[in-house]
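Residues per chain are reported as follows:
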Amino acid sequence: MAKVFPVQTNFTAGEFSPRLLGRVDVAKYSNALKTLENAYVLPHGGLKRRGGSHFIAQSKVTASGSEMMPNGTFTSDISGWTDKSVGSGSIAHSTNLMNIVSADASNYGWAEEQITTVIGQRYVLGFMIGTGAISLQIGNSSGGEQVYTSTDFAVGTHTLEFTAQSTDTYMGWKHTTAATHTLDTVTLKTGDFDKKVRLVPFEFSTTQAYILEFGDLFIRVYKDNGQIQTAGSVEITTPYLEADLLGLKFCQSADTLYIAHRGYAPRKLTRSSHTSWTLTTISFSGAPSGFAGGADEYPACVTFFEERLYWAGSNDNPQTIWASKSGDFENMAVGTGADDDAIEFALAASQVNVIQWLIGSSAGLLVGTVGGEFKLTGGTGPVTPTNVQVIPETRYGSNNVSPIEAGRAVLYMQRAGTKLRELAFNLDVDGLVAPDMTILSEHITAGGIVDMAYQKEPDTLVWLVRADGTLINVTYERDQNVVAWARHPIGGYFGNATITVTDYTNIAVGTTLVFTKSDGTTVTFTSEASGGTAPSADNGWRPNASNDTTADNLFTAINAHADFTVSNPAANVVTIEETAHKVGYLTIVSSDTTRLAVTDEGNAVVESAACIPSVDGLSDEVWISVKRTINQTTKRFVEYLNPAIYVDSGLTYSGAAATTFSGLEHLEGERVQIIAGTSTSKAVYPDATVTGGSVSITGNGRTHAYIGLGYETTLTTLSPEFELAGGGSTVGLKKAWNRIQVNVYQTVGLTINDQDIIFRITSDLLDNPPPQFTGIKDITQLGWDPEDLELTIKQKQGLPMTILNITGDLSVHQ
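Residues numbered from 1 in each chain as written. Predicted model: local features only at pLDDT ≥ 70, side-chain atom pairs only at ≥ 80, totals over all residues. Heavy atoms only, no water.

Comments concerning the overall build of the protein
Part 1 of the reasoning: The helix and strand tally for the protein stands at 2 helices and 69 strands.
Part 2 of the reasoning: Computed over its C-alpha atoms, the radius of gyration of the protein comes to 30 Å, within 12% of the 28 Å expected for a compact globule of 814 residues.
Part 3 of the reasoning: Burial analysis of the protein (814 residues in total) assigns 55% to the buried set.
Part 4 of the reasoning: Element-wise, carbon and sulfur atoms account for 49% of the exposed surface of the protein, whose accessible area totals about 32200 Å².
Part 5 of the reasoning: Separation between the mean location of the 53 positive side-chain charges and that of the 84 negative ones in the protein comes to 4 Å. (Helix = DSSP H or I, 4+ residues; strand = E, 2+ residues; numbered from the N terminus. Rg over C-alpha atoms; globule rule 2.2 N^0.38 Å. Buried < 20%, exposed > 50% of the residue type's maximum accessible area, 1.4 Å probe, protein only. Areas by Shrake-Rupley, 256 points an atom, 1.4 Å probe, with all protein chains shown as cover. Lys, Arg positive; Asp, Glu negative; His and termini not counted. Charge placed at Lys NZ, Arg CZ, Asp CG, Glu CD.)

Examining the sheet that holds strand 45 (residues 497-501)
Part 1 of the reasoning: Strands sit in the order 49-50-45-52 across an open sheet of 4 strands; the sheet is antiparallel. In the strand order of this sheet, the two ends are held by strand 49 (564-567) and strand 52 (596-599), each with one partner. Strand-to-strand twist across the sheet, computed as the mean angle between neighbouring axes with direction ignored, equals 25°.
Part 2 of the reasoning: The pairing of strand 49 with strand 50 (residues 573-578) spans 4 bridges and is classified as antiparallel. (Pairing = 2+ DSSP bridges. Axes fitted to C-alpha atoms, helices over the stretch in contact; angles between N-to-C directions.)

Observations concerning the sheet that holds strand 15 (residues 148-153)
Paired through backbone hydrogen bonds, the strands of a sheet run either parallel or antiparallel to each other.
Part 1 of the reasoning: Read from one edge of the open sheet, 5 strands run 9-12-17-14-15, paired in antiparallel fashion. A strand with exactly one partner marks an edge of an open sheet, and here the two such strands are strand 9 (82-83) and strand 15.
Part 2 of the reasoning: In terms of strand pairing, strand 12 (residues 110-116) meets strand 17 (residues 168-174) through 7 bridges, oriented antiparallel. Note that in strand 17 the partner of Gln114 across the bridge is Tyr170.

Some points on the packing of aromatic side chains
Part 1 of the reasoning: The tally for this structure, following the rule as stated, stands at 26 aromatic pairs.
Part 2 of the reasoning: Following the ring pairs from residue to residue traces out a cluster consisting of Phe74, Trp81, Phe127, Phe153 and Trp173.
Part 3 of the reasoning: Between Arg49 and the ring centre of Tyr711, over which it is positioned, the NZ or CZ distance is 4.4 Å. (Phe/Tyr/Trp six-rings, centres within 6.5 Å; stacked < 30°, edge-to-face > 60°. Lys NZ or Arg CZ within 6 Å of the ring centre and 35° of its normal.)

Regarding unusual backbone geometry
Part 1 of the reasoning: Cis geometry marks the peptide bond from Glu457 to Pro458; its omega dihedral reads -5°.
Part 2 of the reasoning: Within the secondary structure, Pro458 sits in the loop between strand 40 (449-455) and strand 41 (461-466).
Part 3 of the reasoning: The backbone phi angle of Ala254 is positive, close to 55°, even though this residue is not glycine.
Part 4 of the reasoning: With respect to the helices and strands, Ala254 occurs in the loop between strand 24 (249-253) and strand 25 (256-261).
Part 5 of the reasoning: Residues other than glycine seldom take positive phi values, yet Ser649 does so here, at roughly 50°.
Part 6 of the reasoning: Position of Ser649 relative to the elements: it lies in strand 57 (residues 648-658).

A short note on the nonpolar core
Part 1 of the reasoning: Counting 33 residues, the largest nonpolar core has Leu47, Leu715 and Ile803 as its most contacted members.
Part 2 of the reasoning: Listed by contribution, the elements that provide at least two residues to this core are strand 4 (32-37), strand 5 (39-41), strand 43 (482-488), strand 64 (734-747), strand 65 (750-752) and strand 69 (802-813).
Part 3 of the reasoning: Look past the residues within four positions of Leu715 in its chain and what remains in contact with it is Leu33, Thr35, Leu36, Leu47, Leu791, Thr792, Ile793, Met801, Ile803 and Ile806.
Part 4 of the reasoning: In terms of nonpolar packing, the next biggest core, distinct from the first, is built from 27 residues, Tyr123, Phe153, Met171 and Val186 among them. (Core = buried A, V, L, I, M, F, W, Y, C linked by side-chain atoms within 4.5 Å. Contact = heavy atoms within 4.5 Å.)

Quick word on the side chain of Thr169
Part 1 of the reasoning: With respect to the helices and strands, Thr169 occurs in strand 17.
Part 2 of the reasoning: Given the relative accessible area of 0%, Thr169 is considered buried.
Part 3 of the reasoning: Side chain to side chain, Thr169 and Thr117 meet in a polar contact 2.8 Å long.
Part 4 of the reasoning: Setting aside its immediate chain neighbours within four residues, Thr169 contacts Glu113, Gln114, Ile115, Thr117, Ile138, Gly139, Phe162 and Ala164. (Polar contact = N/O pair within 3.5 Å; in protein donor to acceptor, adjacent residues only side chain to side chain.)

Quick notes on the pattern of salt bridges
Part 1 of the reasoning: Tallied over the full model, the rule gives 27 salt bridges.
Part 2 of the reasoning: The salt bridge partner of Asp592 is Arg595, with a shortest N-O separation of 3.3 Å.
Part 3 of the reasoning: What makes Arg595 partly exposed here is its relative accessible area of 26%.
Part 4 of the reasoning: Notably, a salt bridge pairs Glu721 with Lys735, separated by 3.4 Å at the nearest N-O pair. Taken together, the residues span a long stretch of sequence, with Glu721 in the loop between strand 63 (713-717) and strand 64 and Lys735 in strand 64 at a distance of 14 residues. (Salt bridge = Lys/Arg side-chain N within 4 Å of Asp/Glu carboxyl O.)

Comments concerning the confidence of the model for the protein
Part 1 of the reasoning: Averaged over the protein, the pLDDT score is 90; the fraction of residues at 70 or greater is 95%.
Part 2 of the reasoning: Of all the helices and strands in the protein, helix 1 (residues 535-538) carries the lowest mean pLDDT, 59, while strand 5 carries the highest, 98.
Part 3 of the reasoning: In this model, residues 547-552 is a region of pLDDT below 50 whose contacts with residues beyond four sequence positions or in other chains number 10 contacts. (pLDDT = per-residue confidence, 0-100.)

So, the environment of Pro643
Part 1 of the reasoning: You can see Pro643 is positioned in the loop between strand 56 (633-642) and strand 57.
Part 2 of the reasoning: Through-space distance from the C-alpha of Pro643 to that of Arg628 is 22 Å; in sequence the pair is 15 residues apart.

Here we look at the pairing of strand 63
Part 1 of the reasoning: Strand 63 sits mainly inside the fold: 5 of its 5 residues count as buried.
Part 2 of the reasoning: Across the two faces of strand 63 the burial is the same, with Thr713, Leu715 and Thr717 and Thr714 and Thr716 all buried.
Part 3 of the reasoning: Bridge count between strand 4 and strand 63: 4 bridges; the pairing is antiparallel. By the bridge assignment for strand 63, Leu36 is matched with Leu715.
Part 4 of the reasoning: Examined bridge by bridge, strand 63 and strand 68 (residues 792-795) share 4 bridges and lie antiparallel to one another. Following the sheet pairing, Thr713 is matched in strand 68 by Gln795.

What about the environment of Gly663?
Part 1 of the reasoning: Residue placement: Gly663 occurs in the loop between strand 58 (660-661) and strand 59 (671-677).
Part 2 of the reasoning: Given a relative accessible area of 30%, Gly663 falls into the partly exposed group.
Part 3 of the reasoning: Put simply, Gly663 and Ser591 are 72 residues apart on the chain and 43 Å apart in space, counted from C-alpha to C-alpha.
Part 4 of the reasoning: Setting aside chain neighbours within four positions, we find Gly663 in contact with Leu651 and Gly693.

Topic: the environment of Phe305
Part 1 of the reasoning: Examined against the element boundaries, Phe305 turns out to sit in strand 28 (residues 301-305).
Part 2 of the reasoning: Taking the C-alpha atoms as reference points, Phe305 and Gly360, 55 residues apart in sequence, are found 5.2 Å from one another.
Part 3 of the reasoning: Among all residues touching Phe305, those that are not within four sequence positions of it are Tyr310, Gly360, Ser361, Gly364, Leu365, Leu376 and Val383.

Digging into the side chain of Thr629
Part 1 of the reasoning: Topologically, Thr629 is positioned in strand 55 (residues 620-630).
Part 2 of the reasoning: Given the relative accessible area of 3%, Thr629 is considered buried.
Part 3 of the reasoning: Within polar-contact distance, the side chain of Thr629 engages the backbone nitrogen of Gly495 at 2.7 Å.
Part 4 of the reasoning: Apart from the residues lying within four places of it in its own chain, the contact partners of Thr629 are Tyr493, Phe494, Gly495, Asn496 and Glu670.

Brief notes about the state of the cysteines
Part 1 of the reasoning: By the definition in use, this model includes 0 disulfides.
Part 2 of the reasoning: No disulfide involves Cys251; its sulfur sits 11 Å from that of Cys301, the nearest cysteine.
Part 3 of the reasoning: Take Cys251: its relative accessible area is 8%, and that puts it in the buried class.
Part 4 of the reasoning: For Cys301, a relative accessible area of 1% puts it in the buried group. (Disulfide = S-S within 2.5 Å.)

Listed below in structure tokens is the structure:
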């Protein structure tokens, strides 16, 4: 038996492909991990827990369901409305509308409607003002403004979304000018999050960095970690449908964003102020034939290069590139071929190469097509109409995802969307090459990538959205040879766990349903013969409800278990929800899949990602759009990854000492983690269920807190394999850890192979949480299978974790 002391000095290979788990001869094997979730590799080699997602707003919803506003059209009277007028003010019925009559600020008309609502539900309120301006306010009590502060709306039709904070919501309209103003066609419906959105950065400077939420026929605007609002959300009407969003291409010049899509005439979005945005169809000067003449002639791509605005790839001319007059971006006049005239050029290729993207780079204008990648230059000088040179560089082919310029390289997705390639100059070939950045982790991008974002600060990370809604990232620091992939399951879940009974009568005795909960433990329900013991005692249930009382059937048995709740239990399709849902999702396995068909929950779904500089300009913010199931209802959220918190869809609190924290209506009914304390010291409190948009803690009030959905950070090492001193390999030999040493930085609260690591020491004050620890944690009382060579390190609490390296004392039996 030999003793060795292997050390994993860094993790710069990230999560390794399962295809490589036996390739101990691969140089990066010693720097790789079997699993890396919710942490990313630092360029220095260590790994850091990702920040949680900070909730900003719910995405725009569409009105659905039946009309909830009684007498909102005022057909014959204003019955049902409460007159809250002050002084001599009044409200009165007129033909199909309401008059709100005011004299001054002390004598004004005020109409209020109370509606029964569901806490956490999103609602769409519509109304029309026919005369003058009217102020709207929404509260949890009569005259309240807790939901929406009193805001003036001008003449016209208005739509407003809000999230109910109470079972009773009060909406009031009033004005305080000496006039009669009219209110008409008040509607209220529930909101459905049935359409995805795409987040797009709009960056002019660190003080003018926005996130644009593109959705079905609209754009909404976010800035400084909030949604810009003025008499409702700032919203721009667009022609783009949900199905068009991933096909949009963008480039920006100062306060103008140019937009391309094969199905629409080129447009530009112009910002005049934070609240003033205009989307217009571009009126080009001298547009060449085959560029903007019809639906099949609209270009699909747009970019800037050498002071020209380039467009490319219409349906009728899929290989053609158009460039504006130099310095005059909307002048497409080809002219006589002068150096500054516009340019029209078609790629010459042996096959039809539909252009997928354009991007200006230090190497030239790069063109991605379905068949290969090209470089457009002007030879030794700037591009002009008479010196255009197009050189085929690589033959991998590109998909429709917009590429990223990272340093002097361009990162793009290959045609199938599963390989990230690095297009960069290589001196050996005196041209561009495009190595596969996923070769060691090809499983990470399986299924295809639909969106990418590039984070430059504080670490260089590329964030990618997989087609199945998984958020992944790669640490990209080529100078340090760091290309490390990781997966980031976002807290919460999407979809419902359901059971569909197709033949209740013939379910055999002994049929089982095994529920795997979010914490990994299982609960088994087993069918019994008539007259068996009560389901609440042993998770049994009767295969035929007619053989016994209905109180003993399957769904009552599940509902009787403290870990689960059941909706619509009388129906053939039954929804199951984990009562104390924390991380992951509920999985159900049936031993009779014919009669008991089951559908599992899935992780929360990420649909797009974008990066902009943070408010302080010192780092980049990663924004994501997320789809979750909350109280069995689909909702979509706009959030950003906040390095200062470690919960998802979370909110932060800073203020006077408090024991109750509100503003969590978007997570109504969800089990959340609470981390509270002071600005410099926070402790983990027991999980709580959001009720009435709030959660509470016991004990002393806290001045700082963050609350949200829990998520786990997990890393699993590969089995240690290396050469022995006398020659030969340890592959196939029996090995066992004697001790483990984990080098951590500013960390607290870990488990290794489910064994808690102690961070509190005797000198710590007992009424305060243990401080963050930097140094080596030495574990000698292992308490697990001696041949369990893979180390699984987890952070399950809302606390920070940075791991620098791992070493230990290993016995090898030769």
